[in-house]
Amino acid sequence: MTTAPLGEPATALRDPQAIAEGQLDHQRDALLRKLDSLSDADRSRSRLPSGWTPLGLLKHLRHVERRWLEWGFLGEQITDPWGDERPGSDAWFVADGETYEVLRARFEGQVQRSRAITGAASLSDLAAVGGRFDDDPPNLAWILLHLVQEYARHVGHLDIVVELAGGDLGE
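Since the structure is predicted, the reported quantities are computational estimates derived from the model, not experimental observations.

Draft legend 1. Inspection of the packing of aromatic side chains at higher detail. Counting across every chain of the model gives four aromatic pairs. Taking the centre distance of 6.0 Å and the plane angle of 45° together, the rings of W68 and F133 count as tilted. Here W68 is found in helix α3 (residues 54–73), whereas its partner F133 is found in the loop between α4 (100–119) and α5 (140–164), with 65 residues between them in sequence. By relative accessible area, W68 is classed as buried at 10%. A relative accessible area of 13% places F133 in the buried class. An aromatic cluster of at least three residues, connected via ring pairs, comprises W68, F133 and W142. The positively charged end of K59 is found above the aromatic ring belonging to F93, 3.9 Å away from the centroid. The ring of W68 has R132 lying over it, and the distance from NZ or CZ to the ring centre is 4.0 Å.

Rules used in this analysis
- Residues numbered from 1 in each chain as written.
- Predicted model: local features only at pLDDT ≥ 70, side-chain atom pairs only at ≥ 80, totals over all residues.
- Heavy atoms only, no water.
- Phe/Tyr/Trp six-rings, centres within 6.5 Å; stacked < 30°, edge-to-face > 60°.
- Helix = DSSP H or I, 4+ residues; strand = E, 2+ residues; numbered from the N terminus.
- Buried < 20%, exposed > 50% of the residue type's maximum accessible area, 1.4 Å probe, protein only.
- Lys NZ or Arg CZ within 6 Å of the ring centre and 35° of its normal.

Structure (structure tokens):
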């Protein structure tokens, strides 16, 4: 399922919100392309001492978006905001039956929800109090930049895993 890379937003783009959202989409696209380059076995296999797997990373990033945008920015009460972590620890886990297809569909659904949330707000809008934040909530600009850096860091980690698996790093 190889597709052309989405690429970064154009340098001529001047709308800060479109730039931030475009950078986030670029990172999401890189994540999925790198996961697509792996076999099912390599997506489920850990190659690092920490024990995380590419499937665990995909599940983690879905929950990251839920924590920051639904629970955080909107202040919604969501069930199991830490559902990517093994109970009793902070290690990521993938349950039986959570295949790449299942986790990818959940991730893509979360991305659509996240895009709707950010598209209906402005960068200067403050996150709601009462969900993730009790006081001093960040604005949407801060949250989007946090998400971009989290994705960039984890996509870099995935580059190493893909290289160790003999996969195509692409862009």
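There is more to say after this.
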